[in-house]
Amino acid sequence: MMKKMSISTSKTSLVLFLCQIISALDVPLDSKLLEELSQPPTITQQSPKDYIVDPRENIVIQCEAKGKPPPSFSWTRNGTHFDIDKDAQVTMKPNSGTLVINIMNGGKAEAYEGVYQCTARNERGAAISNNIVVRPSRSPLWTKEKLEPNHVREGDSLVLHCRPPVGLPPPIIFWMDNAFQRLPQSERVSQGLNGDLYFSNVQPEDTREDYICYARFNHTQTIQQKQPISVKVFSTKPVTERQPVLLTPTGSTSTKVELRGNVLLLECIAAGLPTPVIRWIKEGGELPANRTFFENFKKTLKIIDVSEADSGNYKCIARNALGSVHHVISVTVKAAPYWITAPRNLVLSPGEDGTLICRANGNPKPSISWLANGVPIAIAPEDPSRKVDGDTIIFSHVQERSSAVYQCNASNEYGYLLANAFVNVLAEPPRILTPANKLYQVIADSPALLDCAYFGSPKPEIEWFKGVKGSILRGNEYVFHDNGTLEIPVAQKNNAGTYTCVARNKLGKIQNEVQLEIKDPTMIIKQPEYKVIQRYGQVSFECIIKHDSTLLPTVTWLKDNDELPDDERFLVGKDNLTIMNVTDKDDGTYTCIVNTTLDSVSASAVLTVVAAPPTPAIIYARPNPPFDLELTGQLERSIDLSWLPGDENNSPITSFVIEFEDALHEPGVWRYQTEVPGSQTTAQLKLSPYVNYSFRVIAVNRIGRSQPSEPSEQYLTKSASPDENPANVQGIGSEPDNLVITWEPLKGFQSNGPGLQYKVSWRQKDVDDEWTSVIVANVSKYIVSGTPTFVPYEVKVQALNDLGYAPEPSEVIGHSGEDLPMVAPGNVQVHVINSTLAKVHWDPVPLKSVRGHLQGYKVYYWKVQSLSRRSRRHVEKKILTFRGNKTFGMLPGLEPYSSYKLNVRVVNGKGEGPASPDKVFKTPEGVPSSPSFLKITNPTLDSLTLEWGSPTHPNGVLTSYTLKFQPINNTHELGPLVEIRIPANESSLILKNLNYSTRYKFYFNAQTSVGSGSQITEEAVTIMDEVQPLYPRIRNVTTAAAETYANISWEYEGPDHANFYVEYGVAGSKEDWKKEIVNGSRSFFVLKGLTPGTAYKVRVGAEGLSGFRSSEDVFETGPAMASRQVDIATQGWFIGLMCAVALLILILLIVCFIRRNKGGKYPVKEKEDAHADPEIQPMKEDDGTFGEYSDAEDHKPLKKGSRTPSDRTVKKEDSDDSLVDYGEGVNGQFNEDGSFIGQYSGKKEKEPAEGNESSEAPSPVNAMNSFV
């Protein structure tokens, strides 16, 4: 059946072009062959493009190349020929292009600065190296400067400038003190990227005179030191706090350009008091995950391996309690050229075609230029077989003279790439590289691979024969690989013998013979069995094997997959393992492993050690495995299997399970075939084509399943066309313009033959269109591009192999990819049902505009403001989703007397469409919540004063309050109810003409025009004759609430020894009150375990007083917030303790001073020695006494030990972060210029180069390795 052609005539040349690329030869990596074949030069090793060298060492510029014949080498320097024979200091290594410039014997590195390029040339072409820029490293001295002390007010910012000398490469900067200890850094004090030391605000402890900046030059292994900087902080009370100000960078915006693949470092350091905290964001995007790091206390943003996608605006925000400041850094990521397709070596035979492709990208886009043998191709000798087409060179009908090395140069303003690729035209007769008469040994029923490695130009054709004069091998039982290898998928005994490989091209013919031997597989015919043994008994495991007589097996025993214990109780015999005097630790799994040079088999058994012999009884066990499996009645689609059952072990066999293995597709995997009753010992089995079957049988009884039987002999069924097509075919678009067709691929045994492929067909539904088909293999997905958005397609997938097609598949309906809906729902209407519920209607969106599967509609609605308070609040949008093609929905949970907005959007599988215009609606008034509180105060003989708070949620305009009250007698019976209306603007009321010494219960609520809200209750008592009432009462219940607890306190009047309890619950809830008993007769209690931000009701009662309780009180816990820590320094006990300690220390100092004055006088010289200042009294080298002072500003040599302890060593144990950490040794000295020099390698001292005093620090005699 012909496939539908979808390649236009214009694309035919592209197909031919790709075929030409594929036709290029591959040269095998055979050392003998490579030595014989001619090959143009190839650069194998070269120095880096930017080559910084140590000016004290010999300069070695590498250039290594290979080729046949071996190439010769030449160099250019600064674009002109470099004649090394005329310079006695320059030599070239033998058989190499590597230059050695002798600096250590009088040469000067500066004289050899320049741009070098190496050329390797032989008769087949010339390869060139990169341009190697050679520069000696430099570590110049610090410029002289007079540093004035820095006097800074406490709390102000400060910047200590380092300004290191410009070196090559740039130095590494760090700050240390006079004792070579790292200065501590924090959010307040840190070092910037430029090496300066920044103080966001200075503190008194910052006062010191030894802020020293060090510059470490790695190439010259030296450290330069700046003069110490003095900082003195003076205090003014009070210290003024300041909002953040950026110290670096300055201004509100800046720009930064970085190259692709580099590390992007952005820095923001701010001043302020309290110390500002830095935060970074990327405007309009997220910081890249897994590549973003924060350093220097989040002052530095580090993004590794940047790409063009990282371009954009990065904002740093510095914030403290007084405010914030920000800076925006506009980052542009450029790119030096990088390879998309680098040119590859091309080996062709005469008359063939080929191409060299050189594709690179960058920002800006790099330009591509070609060279031939190191010469621009425009002026290179002409070659009629060569045609340059931009980034491609096309070769047609090449000849041997067409061999050359081509260079592709891709460059832009940020760098260049240079690649060599040769075209080698060879005419070679066939060669077979596989040794003659090579012997191959394989196990029967395993794959056999016979090699025939070959080479020739043109590419030879390979044929295989069985025997010397046999016929050519063909058919499904053989697989012929492109590299010449012959594969026999299932080698049988009759496949053994001699095989002949023949390679031929137009220049000749050659053949080679190999031998194939088929060996019998190794088998364990008697496997170790599960054993239960009594402690201190003896046990033996058998492992009897059968193997090919020509193979030598080795038997190894393991315990729990590890070696056997080194114990004389374990005896390993020829066919068994015996364990004497068994103990509990011998319990485990024992494995017998049999290895030959070709295969390996194993079997395991478990040993269980018990304390006492089992009680004699009938032992029921799983059956023994069946045996003696036999295959008969072999047909293409069926076969008969028979077997003999093993011992049933006192439990009748109920069934046999038959499993099969497909050694061709899934070797080692056993799958279920069928199950037959236990009375049956034969079965007819259905077979599939192109499967190499083996069968095994498992017996089943009431106890369990037996071990599998030994596998039957193998049976390979013939190939056939597939019987079935892939299942679960679907067509679902992943993009608006594609259709992704997926299916569940067939299993290996379902393929029915070699060459399994799938014919994928599709056409647009309801359109008069032909089927479009494509045949694919080894995939389960095909993407159709360029489809209209969301249209139905008919899709089918048919299986085929080398023998034909499967039956015609059924069609399924799929859809191309969805896109976001185009229009919003129209005619949105809102019908307010009540104060908390509204109904919204809309017109459906036309299905054509949905552009996908309609999933429903989303209604976004949010409260704009409360009409009663006229105050806006944070907008919190709510979303309701209505599935399917609904055109209306209910909006519950609205707040009364509020203004709302909403819009509606249609939703498909791709996402949401545009929103409809916002619709405004208002909810009517509702009933208010209860008044926020009700307090009754000032009781007299006949009056009470009531005070209340307005409702938390008025839900409308309050019209009035209603007060109801009634008396309560001593038996808690209620009297007549009195009702009073109170204007809404009142907040207190005095009730007069009440009965004296009478308890009243009050009910209080608020009203809107809709109705009355929930009420709050309270109780109070008038007094009798201005004397405290005898009736017990609890009044003035007060609460002090925190996040999760509340302090409850009250006043009690009545008999002593009352037992109190506290009842509480969530305000407005109908749940039962929770009760807490108060210990003793205290008048306070702490409620714990409360929920933050929740309103609670509480009341207090007294046990044994006829159930007497206080009135209810309402309180609200605070919102959840970070826990606060008590500042210990502000606690009174801590201040008192510190004062006592200070007083004791003062007394001790006074006593010591008195005792010292009574001890006698000391010589002045001894006092000077005891209080010597190492800054102004450097040590003499010979005797350790102090010498003369040297002014550091004159850059005179500092005496040894001037900045080290008297033993001239820096003690590492004094600090974990000192200059000792930078090297191996501990000795050091200052140079004549006042700089500190550390020598990493411990090399001999060299004299400084003449005329270089201003740019190079001479190496010291005593190297300070510890400070590197």
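This one's a predicted model, so the numbers in the text were calculated from it and none came from an experiment. (Residues numbered from 1 in each chain as written. Predicted model: local features only at pLDDT ≥ 70, side-chain atom pairs only at ≥ 80, totals over all residues. Heavy atoms only, no water.)

A. Quick look at the sheet that holds strand 53 (residues 570-572). Spatially, three strands are ordered 49-54-53 in an open sheet, and the strand pairing comes out antiparallel. In the strand order of this sheet, the two ends are held by strand 49 (539-542) and strand 53, each with one partner. Between one strand axis and the next, the sheet turns by 15 degrees as a mean value, whatever way the strands run. Pairing geometry for strand 49 and strand 54 (residues 576-579), over four bridges, is antiparallel. Each residue of the ladder has a partner; that of Phe541, found in strand 54, is Leu577. (Pairing = 2+ DSSP bridges. Helix = DSSP H or I, 4+ residues; strand = E, 2+ residues; numbered from the N terminus. Axes fitted to C-alpha atoms, helices over the stretch in contact; angles between N-to-C directions.)

B. Expanded view of the sheet that holds strand 60 (residues 666-677). Pairing is antiparallel across the open sheet formed by four strands, whose spatial order is 60-59-62-63. Two strands close off the open sheet at either side, each with one partner strand: strand 60 and strand 63 (715-716).

C. Spatial organisation of a nonpolar patch on the surface. A grouping of Leu1143, Leu1144, Leu1146, Ile1147, Ile1150, Val1151, Phe1153 and Ile1154 is seen on the molecular surface, where their side chains present a nonpolar patch of about 780 Å² in accessible area. Secondary-structure assignment places Ile1154 in helix 4 (residues 1132-1157). (Patch = residues over 30% accessible without salt bridge, like charges linked within 9 Å, V, L, I, M, F, W, Y side chains within 5 Å. Areas by Shrake-Rupley, 256 points an atom, 1.4 Å probe, with all protein chains shown as cover. Salt bridge = Lys/Arg side-chain N within 4 Å of Asp/Glu carboxyl O.)

D. Broad picture of the packing of aromatic side chains. One pass over the structure, following the stated rule, counts 23 aromatic pairs. Geometrically, the ring pair formed by Trp842 and Phe882 is tilted, given 5.9 Å between the ring centres and 45 degrees between the ring planes. Remark: Phe882 occurs in strand 75 (residues 878-883) and Trp842 occurs in strand 73 (residues 837-843); sequence separation between them is 40 residues. On the accessibility criterion, Trp842 (3% relative accessible area) is buried. An angle of 15 degrees between the planes, with centres 5.5 Å apart, marks the rings of Tyr900 and Phe921 as stacked. Taken together, the residues Tyr900 in strand 77 (residues 898-908) and Phe921 in strand 78 (residues 919-922) connect sequence positions 21 residues apart. Judged by relative accessible area, Tyr900 falls into the buried class, the value being 5%. (Phe/Tyr/Trp six-rings, centres within 6.5 Å; stacked < 30°, edge-to-face > 60°. Buried < 20%, exposed > 50% of the residue type's maximum accessible area, 1.4 Å probe, protein only.)

E. Representation of the confidence of the model for the chain in the model. Across the chain, the average pLDDT comes to 83, with 85% of residues at or above 70. Long-range and interchain partners of residues 1122-1126, a stretch whose pLDDT sits below 50, account for two contacts in this model, where long-range means more than four residues apart. For residues 1159-1268, every residue scores under 50 in pLDDT, and the model assigns this stretch 203 contacts once sequence neighbours within four places are set aside. (pLDDT = per-residue confidence, 0-100. Contact = heavy atoms within 4.5 Å.)

F. Unusual backbone geometry, seen in detail. Here the bond from Lys68 into Pro69 is cis, since omega is 0 degrees, no more than 30 degrees from zero. Inspection of the secondary structure puts Pro69 in the loop between strand 4 (63-68) and strand 5 (72-77). Cis rather than trans, the peptide bond between Asn363 and Pro364 has omega equal to 5 degrees. Mapped onto the secondary structure, Pro364 falls in the loop between strand 31 (359-363) and strand 32 (367-372). Positive phi, normally seen in glycine, also occurs at Arg163, with a value near 45 degrees. If you trace the backbone, Arg163 turns up in the loop between strand 13 (158-160) and strand 14 (172-176). Arg163 gets classed as exposed once you look at its relative accessible area, which sits at 54%. One non-glycine residue, Asn437, adopts positive backbone phi at about 55 degrees. Its place among the elements puts Asn437 in the loop between strand 38 (428-432) and strand 39 (438-443). On the basis of relative accessibility, which here comes to 48%, the residue Asn437 falls in the partly exposed class.

G. Structural view of the environment of Phe656. Within the fold, Phe656 resides in strand 59 (residues 653-662). Given the relative accessible area of 1%, Phe656 is considered buried. Each C-alpha atom of the pair Phe656 and Ser679 lies 8.9 Å from the other, and the pair is 23 residues apart in sequence. Discounting residues that sit within four places of it in the chain, Phe656 has contacts with Pro626, Trp643, Pro645, Thr674, Glu675, Val676, Pro677, Gly678, Gln680, Val697, Ile698 and Ala699.

H. Seen up close, the side chain of Ser457. Inspection of the secondary structure puts Ser457 in strand 41 (residues 454-457). Among the polar contacts listed, one links the side chain of Ser457 to the backbone oxygen of Leu426, at a separation of 2.5 Å. (Polar contact = N/O pair within 3.5 Å; in protein donor to acceptor, adjacent residues only side chain to side chain.)

I. Summary view of the state of the cysteines. Following the criterion strictly, the structure yields six disulfides and no others. A sulfur-sulfur separation of 1.9 Å characterises the disulfide bridge that pairs Cys162 with Cys213. Taking the sign of the S-S torsion, -70 degrees for the link of Cys162 and Cys213, the bridge is left-handed. Highlighted residues: Cys162 in the loop between strand 13 and strand 14 and Cys213 in strand 17 (residues 208-217), separated in sequence by 51 residues. (Disulfide = S-S within 2.5 Å.)

J. Representation of the environment of Gly467 within the structure. Examined against the element boundaries, Gly467 turns out to sit in the loop between strand 42 (461-466) and strand 43 (479-480). The spacing of Gly467 and Val514 is 47 residues in sequence and 9.6 Å in space, taken between C-alpha atoms.

K. Spatial organisation of the pairing of strand 11 (residues 132-136). Along strand 11, the buried face is formed by Ile132, Val134 and Pro136; none of Val133 and Arg135, which line the opposite face, is buried. Judged from the four bridges that link them, strand 2 (residues 50-53) and strand 11 form a sheet pairing that is parallel. Bridging across to strand 11, Val53 finds its partner in Pro136.

L. Quick peek at the pairing of strand 57 (residues 627-632). Direction of pairing for strand 57 relative to strand 58 (residues 638-644): antiparallel, over a ladder of four bridges. Its bridge partner lying in strand 58, Phe627 is registered against Leu644. In this antiparallel pair of consecutive strands, strand 57 and strand 58, the connection spans five residues, and Gly633 shows a positive phi of 60 degrees.

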